[in-house]
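Chain by chain, the residues run as shown.
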Amino acid sequence: MPISHLSHWGLLVTGDPLLYGADASIILASVGIVFVLTYFKKWKWLWREWLTTVDHKRIGIMYLIAAVLMLFRAGTDALMMRTQLALPNQHFLGPEHYDQIFTTHGTIMIFFMAMPFIFALMNIAVPLQIGARDVAFPYLNAISFWLFFFGAMLLNLSFVIGGSPDAGWTSYAPLAGLHFDPGPGENFYLLSLQITGIGSIATGINFLATIFKMRAPGMTLMKMPLFTWSIVATNILIIFAFPALAVALALLLIDRIAGAHFFTIHAGGLPMMYINMFWIWGHPEVYIVLLPAFGVFSEVVATFSRKTIFGYKAMVSSMLVISVVSYFVWAHHFFTMGGGVSVNSFFAVASMLIGIPTGVKVFNWMFTMYRGRIRMKMPMLWTIAFIPCFVLGGASGMMLAVAPVDYQFHNSYFLVAHFHEMLIGGVVFGMFAALYYWWPKVFGFILDEKWGRWAFWFWNIGFYVCFEPQYALGLMGMQRRMYTYPSGMGWTALNFISTIGAFLMGIGFLVMAGGIVYSIFKGERDLTGDPWDGRTLEWSLPSPAPHYNFAVIPTITDRDQWWTLKEQGKQDTLRPRPEDIQPIHMPKNSAKPFLIGVAFFAAGFGFVFNWYVLAAAGLFCIVILLLVRSFEYHSDYHIPVDEVVHTETALGRL
Amino acid sequence: MLNTPESRSGMGHHHAERFPWKGIIGYVLSIILTGFSMWIGLTHAAQFGTALFVILGLAVLQIFVQMFLFMHVTESDEGPPWQVLGLLAGLLFVATIVGMSMWIMTFNGQAS
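Rules of the game
- Residues numbered from 1 in each chain as written.
- Chains lettered and ligands numbered in written order.
- Predicted model: local features only at pLDDT ≥ 70, side-chain atom pairs only at ≥ 80, totals over all residues.
- Heavy atoms only, no water.
- Helix = DSSP H or I, 4+ residues; strand = E, 2+ residues; numbered from the N terminus.
- Buried < 20%, exposed > 50% of the residue type's maximum accessible area, 1.4 Å probe, protein only.
- Contact = heavy atoms within 4.5 Å.
- Domains from an automatic or database assignment.
- Buried area = accessible area lost by both parts, 1.4 Å probe.
- Salt bridge = Lys/Arg side-chain N within 4 Å of Asp/Glu carboxyl O.
- Polar contact = N/O pair within 3.5 Å; in protein donor to acceptor, adjacent residues only side chain to side chain.
- Axes fitted to C-alpha atoms, helices over the stretch in contact; angles between N-to-C directions.
- Parallel < 35°, antiparallel > 145°, perpendicular 65-115°, else oblique.
- Left-handed = near helix turned anticlockwise from the far one by under 90°.
- Nonpolar A, V, L, I, M, F, W, Y, C, P; charged D, E, K, R; others polar.
- 1 Å grid on protein atoms, 1.4 Å probe; cavity = no way out; pocket = protein on both sides within 12 Å on 5 of 7 lines; lining within 4 Å.
- Points joined across faces, edges and corners; volume = space filled by probe spheres on them.
- Disulfide = S-S within 2.5 Å.
- Expected span 1.5 Å × (residues − 1).
- Arc of directions from axis to C-beta.

Draft legend 1. Expanded view of the overall build of chain B. Counting secondary structure elements, chain B contains four helices and zero strands. Going residue by residue from the N terminus, the α and β elements of chain B occur as α-α-α-α. Expressed as a percentage of the 112 residues in chain B, the buried residues total 23%. Put simply, of all contacts in chain B between residues at least 6 apart along the chain, 49% involve residues at least 24 apart.

Structure follows, in structure tokens:
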């Protein structure tokens, strides 16, 4: 095993000072949290208001907090890698430790940063945008969150207990098989992703049902806000792509713990089949995290240019085309397998085709800005920064799509630079735009502009300084995932520059966090509920919205409903009239989603260490909890009219 | 669904509290189908080609059990028939995934 000799097979990982530092900080943070909660007598509050909540807005906030913490965690991994690679022949990290760090960096960034970030946005914005009071299945929504949360905990635990996975975020067989990678590390990867994946599939179904069945009267599909449309496209992808991952992970797990031979070299196994199945999920996954960012940009560009989005129908159809065509490109991740001319040609052409709808979107955003009255607020800055970055990354993507040329680029730093440009310049910038955009709606205050701008410039300059040299490094032959390199390759200067850029982004993150802390105390309060002069329904509500969202469900006549009403001076039509208020049907809070999460965690932990008694106990608890739930007949209640009237009056809306 | 009229006026579908025969039958059938394919796989009861087709057939039956006995595919509501659209999309994606995986994994006849 790794770094490290595992003290008793399996428990605490020992042998590296960095790990002892991590152990100490985990213990300190846990003690600190327990102390603060006890000292301020907040345990009950935490349990009642948060851990048992089924309110989409609170679940969104919890996803958001988790995503930002995981961005910090995996960002630290990135900085450790860049420190190791700053100069040749360094010994900051050993080879095994480096393997573990790039594995957890990628895994966490995709599954436990990008995914919860998009789920946070879905939860925060979609029900408010379509005039619904919650999602279609609020209880399932809470289960999804806790499966994600405990999946993330399981993976993070591997760091100190048992050892981290070390076969890359893709965990290709046969390297990730038992023969080449014994020990619990890879099991942690397989189980944590399996658990969080179940939650993701449920979220996909949940939001698709919400959007199709719970729109306010009058909101036809073609009157939906573009962010909601992007979530439709995303969820179609989630529903059809995640099962492929679940099967690939399950088969590899059966190989590892039950001695099967699906993906082994001998006994008729087919290792390439794992890679094939992984990317059947893996390529749609790129669009699963990217499409919501497209939706965010569409909202932000229209709002801050004070113009209707250019080419609404083209935007919708291009998103749907992306969601279908992205199923026909997966083999471009393994052109070098040698699938033959016809296979590689087909997937090369399909990969290039996907550039067309994406290009349509970029042009539409620019045409929306053209002759608009643009306000350079934080969400708009991030959107504008996204465009050149994404176009550069897209161009390098076109180069990678040319199958014969890919044989040169494959697994080099050229590729590393390309996908970071798409995933940071596309996804992360989009998430940041959304963070600044919807923050006032969620928390009731605006994030400070000055701190935001400092963070913005650190991030942006840092990004180009970090990743542009990596294109050159790739062309000079530097391979992905190498833990060190000899001097005299001509790589030293570029690597050093790249490391500087990484640390600039690290500073950007800290400034961003500092800005959030500053704004909690000094940020401008959002008293109108409409700080950006918005266009869609969520801006007609107070910030933060009451827990039932809409006292009276609005009737929709227009695509930019709120903007149109403001133009006509008829904002009052969206205010509730006392005679229209009826008792509101709402779901009750429940402890069971949290407990199901705990049970899944226990089962997962049991499987990781082949402790089948614990695994069986966990699975048994899951079944019991599901049974108890199915005999529960009073899972909902009605908010009386008086209470709604009282709340709305206190908000100054009656 | 919180916004639908019947759920706003209380619980919609609770008037019919009969014994869940559909669920029980589906449960037993799905266990039999799964158990039988597992038995074929573990005991090598049939030759490879035969076993493959038998298991495929059982899998298709399993799909029907799931759709009709658990997933309410025949029930409908006002509005577009979303389940039909969903099934069509599913068919497209499954055909793509299975067909193209076979195509990719034959290595274009260059390896076997």
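On we go from here.
Draft legend 2. Fine view of the domain arrangement of chain A. Residues and elements named next belong to chain A. Domain annotation for chain A reports domain 1 (1–41) and domain 2 (42–590 + 635–650). Relative to domain 2, the C-alpha centre of domain 1 lies at a distance of 29 Å. In this assembly, 20 residues from domain 1 lie in contact with 18 residues from domain 2. Carbon and sulfur atoms make up 74% of the surface buried where domain 1 meets domain 2, a total of about 1,600 Å² over both sides. Counting across the interface, domain 1 meets domain 2 through zero salt bridges. For the pair domain 1 and domain 2, the interface holds three residue pairs in polar contact (both at pLDDT 80 or more).

Draft legend 3. Representation of the packing of helix α7 (residues 226–258) of chain A against helix α8 (residues 271–305) of chain A in the model. Residues and elements named next belong to chain A. Where α7 meets α8, the axes come as close as 8 Å, and the angle between the chain directions of the two elements is 160 degrees. Here α8 runs roughly antiparallel to α7, going by the angle between their axes. When you trace α7 past α8, the crossing you get is left-handed. A breakdown of the residues in the contact of α7 with α8 according to their chemical character gives 26 nonpolar, four polar and two charged.

Draft legend 4. Spotlight on the domain arrangement of chain B. Here chain B is described as being made up of domain 1 (21–70) and domain 2 (77–101). With centres defined by C-alpha atoms, the gap from domain 1 of chain B to domain 2 of chain B works out at 22 Å.

Draft legend 5. Just empty space enclosed by the protein, in detail. Residues and elements named next belong to chain A. According to the stated counting rule, one finds seven cavities of 30 Å³ or more in the structure shown. When its volume is computed, the largest cavity comes out at roughly 120 Å³. In terms of lining residues, the largest cavity is bounded by 13 residues, among which P225, L226, E299, I309 and D560 are the most central. For the lining of the largest cavity, the element with the highest residue contribution is α8, accounting for three residues. A breakdown of the residues in the lining of the largest cavity according to their chemical character gives six nonpolar, two polar and five charged.

Draft legend 6. View of the state of the cysteines. Residues and elements named next belong to chain A. Within this structure, the stated rule accounts for zero disulfides over all chains. No disulfide involves C389; its nearest neighbouring cysteine sulfur is the one of C466, lying 11 Å away. Judged by relative accessible area, which is 0%, C389 ranks as buried.

Draft legend 7. Structural context of unusual backbone geometry. Residues and elements named next belong to chain A. Cis geometry marks the peptide bond from A173 to P174, where omega comes out at 0 degrees. With respect to the helices, strands and loops of the structure, P174 is situated in the loop between α5 (138–157) and α6 (185–213). For the bond running from S543 to P544, omega is -15 degrees, close enough to zero to count as cis. Looking at the secondary structure, you find P544 in the loop between α16 (492–522) and α17 (561–567). The residue R306 is not glycine, and still its phi comes out positive at about 50 degrees. Summarising the element assignment, R306 is placed in the loop between α8 and α9 (312–325). For R306, a relative accessible area of 25% corresponds to the partly exposed category. In this structure, N411 is a non-glycine residue whose phi angle is positive, near 55 degrees. Residue placement: N411 occurs in the loop between α13 (403–409) and α14 (413–443). Residue class for N411 comes out partly exposed when judged on its relative accessible area of 25%.

Draft legend 8. Quick look at the interface of chain B and chain A. Facing the 27 residues of chain B at the interface are 41 residues of chain A. If you look at where chain B meets chain A, you find zero salt bridges. Between chain B and chain A we count one residue pair in polar contact (both at pLDDT 80 or more) in total. Elements with a minimum of two residues in the side of chain B that touches chain A: α1 (5–8) and α4 (82–105) of chain B. Among the residues forming the side of chain B that touches chain A, the class breakdown is 13 nonpolar, 10 polar and four charged.

Draft legend 9. Main features of the environment of I161 of chain A. Residue and element names in this part refer to chain A. In this structure, I161 sits in the loop between α5 and α6. On the basis of relative accessible area, I161 is assigned to the buried category, the value being 18%. As for I161 and P184, which are separated by 23 residues in sequence, their C-alpha atoms are 9.2 Å apart.

Draft legend 10. View of the side chain of S200 of chain A. Residue and element names in this part refer to chain A. Turning to its location among the elements, S200 is positioned in helix α6. The exposure class assigned to S200 is buried, which follows from its relative accessible area of 3%. The residues contacting S200, other than those within four sequence positions of it, are M115, F119, I238 and F242.

Draft legend 11. Helix α10 (residues 341–353) of chain A, seen in detail. Taking 1.5 Å per residue as the helical rise, α10 of chain A with its 13 residues ought to reach 18 Å, and the 18 Å between its terminal C-alpha atoms agrees with that figure. Along α10 of chain A, the positions that sit buried rather than exposed are V343, N344, F347, A348, A350 and S351 of chain A. Burial along α10 of chain A is one-sided: seen end-on, the buried residues are contained in an arc of 165 degrees. Looking at the buried residues of α10 of chain A, the elements they touch are α9, α11 (355–369), α12 (378–401) and α13 of chain A together with α4 of chain B.

Draft legend 12. The environment of R73 of chain A, seen in detail. Residue and element names in this part refer to chain A. Topologically, R73 is positioned in helix α3 (residues 56–85). When its relative accessible area of 14% is taken as the criterion, R73 is described as buried. Expressed as a C-alpha distance, the spacing of R73 and M113, which sit 40 residues apart in the sequence, is 9.4 Å. R73 has contacts with T104, I108, N156 and F159, leaving out every residue within four places of it along the chain.

Draft legend 13. Spotlight on α6 of chain A. For α6 of chain A, built from 29 residues, the straight-helix expectation of 42 Å at 1.5 Å per residue is met to within 8% by its first-to-last C-alpha distance of 42 Å. The element α6 of chain A is largely enclosed, with a buried count of 25 among its 29 residues.

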